[in-house]
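Examining the three-dimensional arrangement
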Amino acid sequence: MATAIIGKEHYRTELISSNHHLTADEPLANGGKDLGPSPHDFLMMALASCTALSVRMYADRKNYA
């Protein structure tokens, strides 16, 4: 489960998942304070990590390096 908490600071959002605490924010050019990756960046990182993990699992199952 994930929780998103947004306060009165523009765009800064605290994200909590299990025991992991992250901050999302928008860049300065978009009105944020650039205190963390943007939601778009988090989405791109999620897709990249899912792809990398899938390739690693496939390589492990096929006994590739």
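The present account deals with the structure reproduced in this document. Keep in mind that this is a model prediction, so the values were computed, not measured.

Okay, the side chain of Ser-38 next. Turning to its location among the elements, Ser-38 is positioned in the loop between strand E3 (20-24) and helix H1 (39-61). We classify Ser-38 as buried; its relative accessible area is 9%. For Ser-38, the contacting residues outside a window of four places in its chain are Asp-25, Glu-26 and Pro-27.

Further remarks concern the side chain of Asp-25. Here Asp-25 shows up in the loop between E3 and H1. The buried charged residue Asp-25 lacks any salt bridge partner; its closest oppositely charged side chain belongs to Arg-12, at an N-O distance of 6.4 Å. At 3.0 Å, the side chain of Asp-25 forms a polar contact with the backbone nitrogen of Lys-33. With residues near it in sequence (within four places) discarded, Asp-25 still touches His-10, Tyr-11, Arg-12, Gly-32, Lys-33, Asp-34, Leu-35, Gly-36, Pro-37, Ser-38 and Pro-39.

A few words on the packing of aromatic side chains. Within this structure, the stated rule accounts for 1 aromatic pair. Ring plane angle 55° and centroid distance 6.3 Å describe the contact between Tyr-58 and Tyr-64, whose orientation is recorded as tilted.

Now for the sheet that holds strand E1 (residues 2-6). Reading across the sheet, the 3 strands line up as E1-E2-E3 and stay open at both edges, with antiparallel pairing between neighbours. Strands with a single pairing partner mark the edges of an open sheet, and in this sheet they are E1 and E3. Looking at each pair of strands side by side, their axes are set apart by 20° on average, direction ignored. Of the strand pairs in this sheet, strand E2 (residues 13-17) and E3 are connected by 5 bridges, and their pairing is antiparallel. In the sheet register, Thr-13 faces E3, and the bridge partner there is Ala-24.

Rules of the game
- Residues numbered from 1 in each chain as written.
- Predicted model: local features only at pLDDT ≥ 70, side-chain atom pairs only at ≥ 80, totals over all residues.
- Heavy atoms only, no water.
- Helix = DSSP H or I, 4+ residues; strand = E, 2+ residues; numbered from the N terminus.
- Buried < 20%, exposed > 50% of the residue type's maximum accessible area, 1.4 Å probe, protein only.
- Contact = heavy atoms within 4.5 Å.
- Lys, Arg positive; Asp, Glu negative; His and termini not counted.
- Salt bridge = Lys/Arg side-chain N within 4 Å of Asp/Glu carboxyl O.
- Polar contact = N/O pair within 3.5 Å; in protein donor to acceptor, adjacent residues only side chain to side chain.
- Phe/Tyr/Trp six-rings, centres within 6.5 Å; stacked < 30°, edge-to-face > 60°.
- Pairing = 2+ DSSP bridges.
- Axes fitted to C-alpha atoms, helices over the stretch in contact; angles between N-to-C directions.

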